[in-house]
Amino acid sequence: MSACTITIDGKALAAGKSETVLEVCNRYDIYIPSLCRGMGDHRASCLLCLVEDTKSGKLLPACETQVSHGMSLNTNTHAVKDMRTQSLTMLLAEHAGDCTAPCALVCPAHLETDKMVRLVEDQKYEEAAQLLYSAIPLPRASNMFCPGPCEKSCRRAEEEDGIPVSIRPVKDFLAANYPPVLKNNTADNANKKKALIIGGGPAGIAAVWYAACNGYAVTLADSQGYAGMLKAGIDEKPVIAAEIDNLVKAADASLITRDIATDDPLTQDFDILINTGLISAQMAVARAFYHGREEAAKVIAHAKGVTPHLRQKSSPSRLGKCSVPEIETLLQNRLKRNAHKTESVAGGKLCLDCTCWKSETCLLKKAAEDHKIKTATIPRLNHKRDLELVICGALEYEPAKCMRCGLCINTAQKLSEPYPLSFENRGIDTRLLFDYNLPAPVKTAHRIAQVCPIGALRCKDYGEKIDE
Amino acid sequence: MRKLATILDELIIIQNREGWLSEESLRSVALKYGLSYPEARGCATFYTYFRFTPPARHAIHVCIGTACHMKGAEKIYETFREKLSIADNEDIDPKGLFSVDKVACLGCCMLAPAVQIDDTIYGPVNPEDVEGTIKTFLASQFKKERQLPVLQTVTTNNTTVQICSCTSCRSAGSESVRHAVIEHVAARKLPVNVEQTGCTGISHQSPLLQISHDNGKKALWGKVTPRLARRIIDEYLTGSTGAISMTDRLIDLLFTGGRERAQLNDNRIDSEYADIFNMQSRFTFAGCDERDPLSYTSYINAGGGEAIDRCFRSHSREEILQIITESGLRGRGGGGYPTSSKWQMAMQSMDSIKYVICNGDEGDPGAFMDRMLLESVPFAVLEGIAVAVWLLHAAEAILYIRAEYPLAIRQIRHAIDTLKEKKVIGPDAAIPELRVPFTVVEGAGAFVCGEETALLESLEGRRGIPRPRPPFPSESGYYNHPTIINNVETFASIPSLISNTENFTRHGKGNNRGTKSFALAGKINRPGLIEVPLGTTLRTIIEDIGGGVPDGSRFKAVQIGGPSGGCLDKSALDVPIDFDSLAGIGAMMGSGGIIVLDTNDCMVEMARYFTAFSAMESCGRCVICRTGNHAMTDILTRITTGSGKPEDLDSLKRIGNSLKSISRCGLGRTSANPVLSTLTHFEDEYLQHIDGRCPAGVCRELTLFEISDDCIGCTRCARECPTGAIAFTPGERHIIQQKLCIRCGTCRRICPEGAVYVSMHDND
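It should be emphasised that the depicted structure is a prediction, and the values quoted were computed from it without experimental measurement. (Residues numbered from 1 in each chain as written. Chains lettered and ligands numbered in written order. Predicted model: local features only at pLDDT ≥ 70, side-chain atom pairs only at ≥ 80, totals over all residues. Heavy atoms only, no water.)

## Points about the overall build of chain B
- A tally of helices and strands in chain B yields 32 helices and 21 strands.
- On C-alpha atoms alone, chain B measures out to a radius of gyration of 26 Å, which is about the 27 Å that the 2.2 N^0.38 rule sets for 764 residues.
- Seen through its C-alpha atoms, chain B measures out along the principal axes to roughly 80 × 75 × 60 Å.
- Taking all contacts inside chain B whose residues are at least 6 apart in sequence as the whole, residues at least 24 apart take part in 71%.
- Positive and negative side-chain charges in chain B, numbering 82 and 91 respectively, have mean positions lying 2 Å apart. (Helix = DSSP H or I, 4+ residues; strand = E, 2+ residues; numbered from the N terminus. Rg over C-alpha atoms; globule rule 2.2 N^0.38 Å. Contact = heavy atoms within 4.5 Å. Lys, Arg positive; Asp, Glu negative; His and termini not counted. Charge placed at Lys NZ, Arg CZ, Asp CG, Glu CD.)

## Points about the nonpolar core
Residues and elements named next belong to chain B.
- Grouped together as the largest cluster of nonpolar side chains are 126 residues, with contacts concentrated most on Ile 385, Leu 399 and Phe 438.
- Sorting elements by how many residues they give to this core places helix H18 (residues 378-392) first, with 12 residues.
- With residues up to four places along the chain from it excluded, the contact list for Phe 438 reads Leu 382, Ile 385, Ala 386, Val 389, Ala 397, Ile 416 and Ile 425. (Core = buried A, V, L, I, M, F, W, Y, C linked by side-chain atoms within 4.5 Å. Buried < 20%, exposed > 50% of the residue type's maximum accessible area, 1.4 Å probe, protein only.)

## Let's talk about the domain arrangement of chain A
- Taken domain by domain, chain A consists of domain 1 (3-76), domain 2 (189-232 + 243-304) and domain 3 (384-467).
- The C-alpha centroid of domain 2 of chain A is placed 52 Å from the C-alpha centroid of domain 1 of chain A. (Domains from an automatic or database assignment.)

## What to know about helix H25 (residues 603-617) of chain B
- The terminal C-alpha atoms of H25 of chain B lie 21 Å apart, and with 15 residues this matches the ideal 21 Å at 1.5 Å per residue to within 8%.
- In terms of burial, H25 of chain B is a largely internal element, 13 of the 15 residues being buried. (Expected span 1.5 Å × (residues − 1).)

## Thoughts on the interface of chain A and chain B
- On the chain B side, the residues contacting the 39 residues of chain A number 41 residues.
- Between chain A and chain B, roughly 3100 Å² of surface is buried when both sides are summed, and carbon and sulfur atoms account for 55% of that area.
- It is Arg 43, Met 90 and Arg 426 of chain A in chain A that bury the most area against chain B; as a group they hold 25% of the surface buried on that side.
- Our enumeration of links across chain A and chain B arrives at 6 salt bridges.
- Note that Glu 64 of chain A is salt-bridged to Arg 664 of chain B, the shortest N-O span being 3.0 Å.
- Linking chain A with chain B are 21 residue pairs in polar contact (both at pLDDT 80 or more), by the criterion used here.
- The leading source of residues in the side of chain A that touches chain B is helix H2 (residues 78-94) of chain A, at 7 residues.
- Of the residues contributing to the side of chain A that touches chain B, the split by class is 20 nonpolar, 11 polar and 8 charged. (Buried area = accessible area lost by both parts, 1.4 Å probe. Salt bridge = Lys/Arg side-chain N within 4 Å of Asp/Glu carboxyl O. Polar contact = N/O pair within 3.5 Å; in protein donor to acceptor, adjacent residues only side chain to side chain. Nonpolar A, V, L, I, M, F, W, Y, C, P; charged D, E, K, R; others polar.)

## Some thoughts on the sheet that holds strand E15 (residues 515-522) of chain B
All names here are of chain B.
- Read from one edge to the other, the open sheet built from 5 strands follows the order E16-E15-E19-E17-E18, with strand pairing classed as mixed. The outermost strands of the open sheet, each flanked by one partner alone, are strand E16 (528-533) and strand E18 (566-569). Across the sheet, the axes of successive neighbouring strands diverge by a mean angle of 30 degrees, strand direction being ignored.
- In the sheet, strand E17 (residues 555-560) pairs with strand E19 (residues 593-598) via 5 bridges, with the strands oriented antiparallel. Across the sheet, the residue bridging to Phe 555 is Asp 598, located in E19.
- Its contacts with the sheet place helix H17 (residues 369-376) against E15, E16 and E19, and it is angled at close to 115 degrees to E15. (Pairing = 2+ DSSP bridges. Axes fitted to C-alpha atoms, helices over the stretch in contact; angles between N-to-C directions.)

## Some remarks on the pairing of E17 of chain B
Residues and elements named next belong to chain B.
- Most of E17 sits inside the fold, with 6 of its 6 residues counted as buried.
- Bridge count between E17 and E18: 4 bridges; the pairing is antiparallel. Note that in E18 the partner of Val 558 across the bridge is Leu 568.
- Following E17, the chain reverses through 5 residues before pairing antiparallel with E18; Gly 561 in that reversal takes a positive phi of roughly 90 degrees.

## Notes on the packing of aromatic side chains
- Applying the stated criterion to the full structure yields 17 aromatic pairs over all chains.
- Residues Tyr 125 of chain A and Phe 173 of chain A carry aromatic rings whose centres are separated by 5.4 Å and whose planes lie at 75 degrees to one another, so their mutual orientation is edge-to-face. Of the two residues, Tyr 125 of chain A sits in helix H5 (residues 125-135) while Phe 173 of chain A sits in helix H8 (residues 167-177), which places them 48 residues apart along the sequence.
- With a centroid separation of 5.2 Å and 70 degrees between ring planes, the pair formed by Phe 46 of chain B and Tyr 47 of chain B is classed as edge-to-face.
- What makes Phe 46 of chain B buried here is its relative accessible area of 0%.
- Look at Tyr 47 of chain B and you get buried, because its relative accessible area is 1%.
- One aromatic cluster is present, formed by Tyr 125, Phe 173 and Tyr 178 of chain A through successive ring pairs.
- In this structure, Arg 426 of chain A is placed above the aromatic ring of Phe 46 of chain B, and the distance from its NZ or CZ to the ring centre is 5.8 Å.
- The positively charged end of Arg 268 of chain B is found above the aromatic ring belonging to Trp 221 of chain B, 5.4 Å away from the centroid. (Phe/Tyr/Trp six-rings, centres within 6.5 Å; stacked < 30°, edge-to-face > 60°. Lys NZ or Arg CZ within 6 Å of the ring centre and 35° of its normal.)

## Examining the pairing of strand E11 (residues 438-443) of chain B
Residues and elements named next belong to chain B.
- Along E11, 6 of the 6 residues are buried, which leaves the element largely enclosed by surrounding structure.
- A two-sided burial pattern is seen for E11, the buried positions comprising Phe 438, Val 440 and Glu 442 on one face and Thr 439, Val 441 and Gly 443 on the other.
- Inspection of the sheet shows strand E10 (residues 396-402) paired to E11 by 6 bridges, in the parallel sense. Bridge pairing in E11 links Ala 397 to Phe 438.
- Tracing the backbone out of E10, into helix H19 (residues 406-421) and back to the parallel element E11 gives a crossover that is right-handed. (Right-handed = clockwise from strand over helix to strand, strands pointing away.)

## Considering the packing of helix H9 (residues 202-213) of chain A against helix H12 (residues 285-304) of chain A
Residue and element names in this part refer to chain A.
- H12 packs onto H9 with a crossing angle of 45 degrees between their chain directions and a minimal axis gap of 7 Å. The orientation of H9 relative to H12 falls into the category oblique. In terms of crossing hand, the pair formed by H9 and H12 is right-handed. Across the interface between the two elements, Pro 202, Ala 203, Ala 206, Ala 207, Tyr 210 and Ala 211 from H9 touch Val 285, Ala 288, Phe 289, Gly 292, Arg 293, Ala 296, Ala 297 and Ile 300 from H12.
- Per-class residue counts for the contact of H9 with H12 are 12 nonpolar, 1 polar and 1 charged. (Parallel < 35°, antiparallel > 145°, perpendicular 65-115°, else oblique. Left-handed = near helix turned anticlockwise from the far one by under 90°.)

In structure tokens form, the structure reads like this:
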């Protein structure tokens, strides 16, 4: 391999003759966003890894461009960023699918509604209940105030009968039957680090539960006790009181019934101080829960010296409004995936499972977040969306999500036992074509699905474990 | 068949034989070529030539090329579906007799709107002619082929009746004229020859008939019917009316008021067209209207074959390349890349196997010069290719021609056979280097295959997705061997260029030498095919050669280069047209279609049409082209239907500029030109649309038709209105019921008094 020298962002780098620009950049840790990761001898398709040739000013895809001696490139000029954004916008425009289900996206308490409903469907009630408490520590109380944006945004509510998946009844069911439990609560309170939470409103209670879950011995300070204001507005005080009691007991929290200022000498006795007193009392309960949790997370992360990790809700790609036949297709897709699940636990409709299965690891989603693409700037194409799920053996394919990079086809060809796969049609109608007479063996299917940078392909038997 | 025949070749044969590709046949073909079923089907679905559902007995293809689109092709398509009562999600009528589909361009722009039923082309077909066309076609199915008498060839003091045989003349009925002439000449026992000729370019006068004498005297008639042809022969050749039967004369006098007699003079057009020919410089087309395109003897007599002779006898390879380099010939396919550089690069390669490919995949809607060259001067094209084969020691020459050009394919195959017989090429060729196969490959209908690397993919039997460049085809092309790919017109100019360099270089200047042919269409008096020196101004082309825009409308813009080109306004009329000047003003030579637009044409609609075309033809590889063109089409559709917003123009510019800078192939890079150039020159018109008005009265949602007081109550509009929006009120002023009106414009077109006018929508 005869070497040559190329210049990237003003730095001279040694490169092999047959390398691509992307390979060189990866080797030197120069960040270039790329969906295909330069795998295979494919042809540039997503145009995300653009770099600028300083001599001609031309923009070249790094994954396809071979290095040549004396090449000089820039990876982060204005033009490069601009065009990368443009490519991403176009990729998202044709990408019909939700990153996060609308129900989870709209929840002001940031409850992972979609996950909860799925756990309930799988009859993992205990797990579902704990997920619920982590975001909404007082579910029955909050249900009394909650206008149910999750149910309003539910896709199944777009059907003719207008009835959504019954999410609030599910919450009630869980709260009534499965009390909050602290996981791994083995250590004695005396050995635990101590946390003082100021403010006993919903935010304070969320902070109590969060801190307790993170292994702190919790003390709450408020002159009105737990959830004073919350109780004031509700007729069914006994229900709330019982719910609060359950939570406090589970968290093993103690109470100081007076208001404490942040500079009070008493605070010296505690390892951390979480002040929720500044969170507005005017805030809706669910939002207050979230802010309390966020505040607690920040303080605890700071104490541990890590960056706080709270699930950020984002969905750069959205399906938008669906027509009735489209919802029907989505329902059929859901039934194709799990034919045995025909109804939800609370006797309501079956959840469509809108959240993309690859939502956590999707490279397109990550790139869109990195480039701060606003959903509003993505044009909605006036083109029939191919929402139907294609199943061939263990492979599941969603044409509407496919970005037509061809990585799966290349990978399938290079396997020790090549699997035939090809694109059909052209332009925006391009989609994968399977031979239904020849379904892929599970191992092959797994390998093919693994290379998909987004959630268009998945392997049935491996499900979510696929990227581990 | 090519040495390395591919699955595509076989699929075309099956499609032609069975009318569709069943899963069964796809599977068996795939097996034969060692491919999987997805690969075979994936490859076939890339091309629009193939059907995947059982066909009807006859196929109707409605051309939606630029010229046809402007004259309402969309409406014709809908009318066909309506008249054949085809259901919404079907393409075949309930009886299974006809299928209707759209085709990118039939290359019959002067017949617009054109329709092809099986192998016959009809035009112009307006909505009111649809039923008649179907009937005519069905009637023609029952006609028996008549045995034509064989004429004795006259050698001395001869007179020749020449009938143009190009596709446009044929679709205008030149074959029946030719048959009538042959029968008539045989019946009268006249000492004349009857032969076919190549294209004259004045296609709007088709079919043409020319009588030429040995002494150089000539006479030319246009719009000839079989009756008129018989009359011309009688009166002109025998010099008296005596030969015409009494009955014929009586029929003419009684039933046509002597029109036929008048036509004899009126349709004679040689003096008028002598001027037009003088304004042009026919170089590649030189003399093709004088001789039978398939006669090798007359090609040689006209000075053909000399280039090959020189190659063989007097010149070395370096000398020939030197001639081409010095002539400054640039590729005529659109990009304008210097031909000699390509050739030199391929010649220098050490690879022992090299190929020559002629790109005849003329997909630009509105361009048909390649087809005309293949039909009219097949020997010149082949000689040009032969020179390249000789220069390169090529292993094979391949001509890739659209399957939509059946006549061109037939002519060129015939010409290849003739050359093999004459031992010019083929296994017995006199020149050893030319003992290689010359193969014709049919392109199965994908605009992107005009891009040379996509063409290579297609030739190798795959989906036509452009390859990354470099390496260029001259270094690594067909099956990774060095390959020369040039356009038909480029090859056609090689022979005359070598034998008469001076004749080529005296045209044009600087980097832009020689002549270029253009397909002239749209709102112009004399549409057709012209050839002019590079550097001719648009004004000369449009006003002098094309005869200007028809009376009653004003010139507004000119569209050059089809979906890759741009719209230019009248400020560009005096720019000399060549590769560099066009690129400088945001247009492109493309393969050379010129469409003239007048005040009745809507620029936004024009841009929408081309962008939709590019979206449909995008191969689907780069996201910006695949989705960007769709997004632009959506925005433009919004604007033309009255729901555009001012910020849409910014979106258009943004997407257009990204297409230009990051697309990976020529199709994508240039696909924004129609939008960007109209935004530059006609931004007003966009803004007017956003305000809810279409000044040209084209966009249906922004237009209302009304009938003025000039109406004489003739009821023609009431009878022709497809939706019955005009009440049948003889003698009274007709009124259009706006609720029923679909704005098809039929009434406006047929009103004898011009009483139908476009009124603007009120915004409230």
